[in-house]
Amino acid sequence: MLIFRKPLEGIDRPQMPADVVIVGGGPAGMACALRLSQLIDEHNAKNPDSQLSKENIYVLEKAREIGQHCLSGALLDPRSMRELLPGFEKEAPLDAEVTKESVYFLTEKGKLKFPITPPPLRDHGNYVISLNRFVKWLGSKVEATGITVFTGFAGSELLFDGDRVTGVRTDDKGIDKEGHQKSNFEPGYDLNAKVVILAEGTRGSLTKQLIAKFDLAKGCNPQVYGQGVKELWEVPGGRVAPGEVIYTMGWPLTTKDYGGAWIYGGKDNVVSLGFVTALDYPDPRLDPQRVLQDFKQHPMVAKLLAGGKMIRYGAKSFPYSGWWAIPPVAGNGWMILGDAAGFLNSQRLKGIHLAIKSGMLAAETAFEAVTKGDSSAKTLSGFQKKVESSWIKDELWKVRNFHQGFEHGFWAGMFNAGIQQFTGGRGLRARYTNRSGPEHMKRLAELPADGGAEAHLLGPAKGDGKLTFDKLTDLYHSGTKHEEDQPSHLIIHDTNICNARCVKEFGSPCQSFCPANVYEMVDDAEQPNGKRISLNPSNCVHCKTCDIADPYQIITWVPPEGGGGPNYDGM
Ligand code: SF4
């Protein structure tokens, strides 16, 4: 029987008072902490007789080291960083400034270069970065302010008093596979906070609890996610210049699927390449990791990589739906930032700058709440107002209908995108609707048995070990490690559905959409279909796709014991 990870009951937990707890030490959380520190410094300089302390401000980060779980393409639009730390370019780890872009439409063997780069994909002035290194640097700035960053601590539960969020419980450590306490057991802490800020990144687990508890998604468009699968390559000199950016659309995806690829030239002949597949594809057998392997076999890409070596691998989901899918971002005792809220511009494939800006605005609101001694919904709704009057809204409003325009396939999407470009984002109607990703998934009985036009995307990649890789080989390059003897952090609420229904109806898509081989259907003669779900949670790279894309919505991702997960060094 599978035992799932949850906080133990009936345990005495250390209690810690806090002014502000920020859950998640990514770009949003770190920018929030840094801005809060700046505001406290300004206050203290002006008010020698009423000094504020940073002692009770905490950032919780589930990775063992700052930045270890951070993965993105990544291109940084510097707008918010220039507001947060003017002149940051002088000291931040930036690989190269973008000086050249191109966009291609690919067919299986051919390519068509766009004569001009569409405005949303013009990246001159942006920077190629490793998000991992960038966040490490940002985190070191936060630590230098005196704010405590607890690494290796995940937020496992929100604490409530009625409708008010009153704090965060961190994960229990030292629990074995059967749910028993080991000799190194340490209960999680209860951080009783005036303000709780959720900056957990995509599909945050506490954010999900909060949204469900207060029905915050009511009236919003369903959030659709993409899964980005990335490899870092070292290639012979002269292939992709530092600061060169290539985007592709088309092959290997078909016109039924949404997605595209990036290739970014970094320094020292390191190339970041990856493929984003929107998790609203129809065929449950489609495998996004295989999509990347197929993409690399295109003659244009294979030529760039020939003689090179893959050095890192990772995968992550991110929110695609934009403005109409963002829930209320502030309430009684809480705020939500960055990818956790859905602040991402899917047309530009960029969200880091929005995450940072949302962190800054939340810090200003938290500062006001702490100095006034009032963190009620009335005060914290100031964050909602700040977002709506900032350039976050200006930017997202112009693309408010963008991804929804692709609801009926690639060509309809291109048509809608064209009209939206000339109507300030409106398009043919004020608000486009969309279904959630899993609602797009078809049953096997509705699909051609051989996969039809999508046949090349289905099932696991085999890999030749040079240009293409199977999942386990790729996974090895993600540096993923977890404590093996702990309950599963992937909660399947009813495994009978997996064994009796899903295997027959959808062909167990968890085996395909998981980029880390966590889910396997193993032989079991006692099951109705001769197969049983089996999990390898230690492989998990925390992309959250299973929590998002399972057609029955019976999988919940919760943080494993703090410290476990991928090691996205240089990603
Ligand atoms: Fe992603 Fe879920 Fe697989 Fe973990 S188990 S890598 S969260 S799909």
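Residues numbered from 1 in each chain as written. Predicted model: local features only at pLDDT ≥ 70, side-chain atom pairs only at ≥ 80, totals over all residues. Heavy atoms only, no water.

### Some remarks on the layout of surface pockets
Logical step 1: Approximately 640 Å³ is the volume found for the largest pocket.
Logical step 2: Lining the largest pocket are 33 residues; nearest its centre among them are Arg203, Ile211, Ala217, Gln223 and Tyr225.
Logical step 3: Those elements that provide at least two residues to the lining of the largest pocket are helix 4 (205–213), helix 7 (338–341), helix 12 (437–440), helix 16 (545–549) and strand 24 (555–557).
Logical step 4: It is helix 4 that provides the largest number of residues to the lining of the largest pocket, a total of four residues.
Logical step 5: Its residues assigned to classes, the lining of the largest pocket shows 17 nonpolar, 10 polar and six charged.
Logical step 6: Estimates place the volume of the second largest pocket at around 550 Å³.
Logical step 7: Together, 25 residues line the second largest pocket, and Leu121, Met249, Gln347, Phe402 and Met414 are the ones closest to its centre. (1 Å grid on protein atoms, 1.4 Å probe; cavity = no way out; pocket = protein on both sides within 12 Å on 5 of 7 lines; lining within 4 Å. Points joined across faces, edges and corners; volume = space filled by probe spheres on them. Helix = DSSP H or I, 4+ residues; strand = E, 2+ residues; numbered from the N terminus. Nonpolar A, V, L, I, M, F, W, Y, C, P; charged D, E, K, R; others polar.)

### Quick word on the packing of helix 8 (residues 352–372) against helix 9 (residues 377–388)
Logical step 1: For the pair helix 8 and helix 9, interaxial distance at closest approach is 9 Å and the crossing angle is 155°. Viewed along their axes, helix 8 and helix 9 adopt a mutual orientation that is roughly antiparallel. Here the hand of the crossing between helix 8 and helix 9 comes out right-handed. In this structure, helix 8 contributes Ser358, Leu361, Ala362, Glu364, Thr365, Glu368, Ala369 and Lys372 to the contact, and helix 9 contributes Thr379, Leu380, Gly382, Phe383, Lys386 and Val387.
Logical step 2: Its residues placed into classes, the contact of helix 8 with helix 9 shows six nonpolar, four polar and four charged. (Axes fitted to C-alpha atoms, helices over the stretch in contact; angles between N-to-C directions. Parallel < 35°, antiparallel > 145°, perpendicular 65-115°, else oblique. Left-handed = near helix turned anticlockwise from the far one by under 90°. Contact = heavy atoms within 4.5 Å.)

### Here's the deal with the pairing of strand 10 (residues 164–170)
Logical step 1: Here strand 10 lies mainly inside the structure; five of its seven residues are buried.
Logical step 2: The antiparallel hairpin formed by strand 9 (residues 155–161) and strand 10 contains two residues in its connecting segment, where glycine 162 sits at a positive phi of about 65°.
Logical step 3: With three bridges connecting them, strand 10 and strand 13 (residues 190–198) associate as antiparallel partners. Looking at strand 13, one finds that glycine 167 is bridged to asparagine 192. (Buried < 20%, exposed > 50% of the residue type's maximum accessible area, 1.4 Å probe, protein only. Pairing = 2+ DSSP bridges.)

### Notes on the side chain of arginine 400
Logical step 1: With respect to the helices and strands, the residue arginine 400 is situated in the loop between helix 10 (391–397) and helix 11 (410–422).
Logical step 2: For the buried arginine 400, which has no salt bridge, the nearest side chain bearing the opposite charge is aspartate 394, at an N-O separation of 10 Å.
Logical step 3: A distance of 2.9 Å separates the side chain of arginine 400 from the backbone oxygen of glycine 424, its partner in a polar contact.
Logical step 4: The residues touching arginine 400, leaving out its near neighbours within four places in the chain, are Ser321, Trp323, Trp324, Gly424, Gly425, Arg426 and Ala430. (Lys, Arg positive; Asp, Glu negative; His and termini not counted. Salt bridge = Lys/Arg side-chain N within 4 Å of Asp/Glu carboxyl O. Polar contact = N/O pair within 3.5 Å; in protein donor to acceptor, adjacent residues only side chain to side chain.)

### Examining the sheet that holds strand 3 (residues 75–76)
Logical step 1: The three strands lie next to each other as 3-7-4, forming an open sheet whose pairing is antiparallel. Each edge of the open sheet carries a strand with a single partner, namely strand 3 and strand 4 (96–97).
Logical step 2: As paired elements, strand 3 and strand 7 (residues 127–128) share two bridges and run antiparallel to each other. Within strand 7, the position partnered with leucine 75 by the bridge is valine 128.

### Concerning helix 5 (residues 288–296)
Logical step 1: Of all nine residues making up helix 5, nine are buried, and the element is well covered by its neighbours.
Logical step 2: Within the span of helix 5, buried status applies to Pro288, Gln289, Arg290, Val291, Leu292, Gln293, Asp294, Phe295 and Lys296.
Logical step 3: The opening residue of helix 5 is aspartate 287, an N-cap whose side-chain oxygen sits 3.0 Å from the backbone nitrogen of glutamine 289.

### Topic: the domain arrangement of the protein chain
Logical step 1: In terms of domains, the protein chain is made up of domain 1 (15–73 + 136–221 + 324–397), domain 2 (98–126 + 224–317), domain 3 (405–433) and domain 4 (438–557).
Logical step 2: Taking the mean C-alpha position of each, domain 1 and domain 2 sit 32 Å from one another.
Logical step 3: Taken together, the 11 residues of domain 1 in the interface contact 15 residues of domain 2.
Logical step 4: Counting the surface lost from both domain 1 and domain 2, the interface buries some 1,100 Å², and carbon and sulfur atoms represent 54% of this.
Logical step 5: Put simply, aspartate 339 and lysine 316 hold a salt bridge, and the shortest N to O gap is 3.4 Å.
Logical step 6: Inspection of the region where domain 1 meets domain 2 yields six residue pairs in polar contact (both at pLDDT 80 or more).
Logical step 7: A class-by-class count of the residues in the side of domain 1 that touches domain 2 yields two nonpolar, five polar and four charged. (Domains from an automatic or database assignment. Buried area = accessible area lost by both parts, 1.4 Å probe.)

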